[in-house]
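Single-letter residue listing:
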Amino acid sequence: EIADVKRNNVTRLQVFEAADLAANPRNVRVVDENFSRERGAILVGRQPIAQSVPSDGDFEFQREYPRPLMYAHTTGRFNYFGSTGLERSQNELLSGQDPGLFVNRVIDMLSNKTPKGGNVQVSLNAAAQQAAYDALGALPGTVQGAVVAIEPSSGRILASVSLPTFN
């Protein structure tokens, strides 16, 4: 009788409550799995402003931000405690869970490769971003402000800088 109760409990957990358990933010296994997967890069042109690099630590990959002060408000952050900015809004694509990457996941599975996330290309222009960052930083005193450059014909964001920034 005890074996039947255990079997029924396991079945209930595996079938009926699996999705809720996987979505629970307190489920450390899911968080650990997310940190063991290679996320896609966030790109300005061909240059990554956020990327996953191999790690010798507890997790297989570590998120790296090559120009953190200049792009911090755009990329946001991805760490063990959560995410912000593009790291959060584009999480499905960056983590490889986006439905549009289904074929890639199947190919990876069939070829016995570890699945990885897709890249996100942003409309920022590296030269415009650098110019906005330099100009805002060159103002006298403690600067508290922002610069956003928008291409009028398309609405594309070419530069987006805010000071003070964060690391």
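The preceding data block contains the structure.
Residues numbered from 1 in each chain as written. Predicted model: local features only at pLDDT ≥ 70, side-chain atom pairs only at ≥ 80, totals over all residues. Heavy atoms only, no water.

Caption draft 1: The arrangement of the sheet that holds strand 2 (residues 47-54) in detail. Reading across the sheet, the four strands line up as 3-2-1-6 and stay open at both edges, with mixed pairing between neighbours. A single partner strand is all that each edge strand has here, and the edge strands are strand 3 (61-64) and strand 6 (120-122). Looking at each pair of strands side by side, their axes are set apart by 30 degrees on average, direction ignored. Note that strand 2 and strand 3 share four bridges and pair antiparallel. Bridge assignment links Pro-54 to a residue of strand 3, and that residue is Phe-61. (Pairing = 2+ DSSP bridges. Helix = DSSP H or I, 4+ residues; strand = E, 2+ residues; numbered from the N terminus. Axes fitted to C-alpha atoms, helices over the stretch in contact; angles between N-to-C directions.)

Caption draft 2: Quick look at the packing of aromatic side chains. Counting across every chain of the model gives two aromatic pairs. With centroids separated by 5.9 Å and ring planes inclined at 85 degrees, the aromatic side chains of Tyr-80 and Phe-81 adopt a geometry described as edge-to-face. The ring of Phe-78 carries the charged tip of Arg-39 above its face, separated from the ring centre by 3.8 Å. (Phe/Tyr/Trp six-rings, centres within 6.5 Å; stacked < 30°, edge-to-face > 60°. Lys NZ or Arg CZ within 6 Å of the ring centre and 35° of its normal.)

Caption draft 3: Highlighting the pattern of salt bridges. For the structure on display, the rule yields three salt bridges. The closest approach of N and O atoms between Arg-63 and Glu-87, which form a salt bridge, is 2.8 Å. With Arg-63 in strand 3 and Glu-87 in helix 5 (residues 85-89), the pair connects residues that are 24 residues apart, well separated along the chain. As far as burial versus exposure is concerned, Arg-63 and Glu-87 are alike and both buried. Within the structure, one salt-bridge network assembled from shared partners comprises Arg-39, Arg-63 and Glu-87. (Salt bridge = Lys/Arg side-chain N within 4 Å of Asp/Glu carboxyl O. Buried < 20%, exposed > 50% of the residue type's maximum accessible area, 1.4 Å probe, protein only.)

Caption draft 4: A look at the environment of Gly-117. Assignment of secondary structure puts Gly-117 in the loop between helix 7 (102-110) and strand 6. In this structure the C-alpha to C-alpha distance between Gly-117 and Arg-105, which are twelve residues apart in sequence, comes to 9.3 Å. Filtering out sequence-adjacent residues up to four positions away, Gly-117 remains in contact with Glu-38, Arg-39, Gly-40, Leu-93, Leu-94, Ser-95 and Gly-96. (Contact = heavy atoms within 4.5 Å.)

Caption draft 5: Representation of the side chain of Arg-37 within the structure. As for its position among the elements, Arg-37 is in the loop between helix 3 (28-36) and strand 1 (42-44). The exposure class of Arg-37 is buried, given its relative accessible area of 14%. Excluding residues within four positions of it along the chain, Arg-37 makes contact with Phe-61, Ser-95, Gln-97 and Pro-115.

Caption draft 6: Region of the structure containing the nonpolar core. Judged by nonpolar contacts, Ile-42, Val-44, Ile-49, Ala-50, Met-70, Tyr-71, Leu-86, Leu-94, Val-120, Val-122 and Leu-124 together constitute the single largest core of eleven residues. Of all the secondary structure elements, the ones that give two or more residues to this core are strand 1, strand 2, helix 4 (68-75) and strand 6. Beyond its immediate stretch of four places on either side in the chain, Ala-50 contacts Ala-41, Ile-42, Arg-63, Glu-64, Tyr-65, Pro-66, Thr-75 and Glu-87. (Core = buried A, V, L, I, M, F, W, Y, C linked by side-chain atoms within 4.5 Å.)

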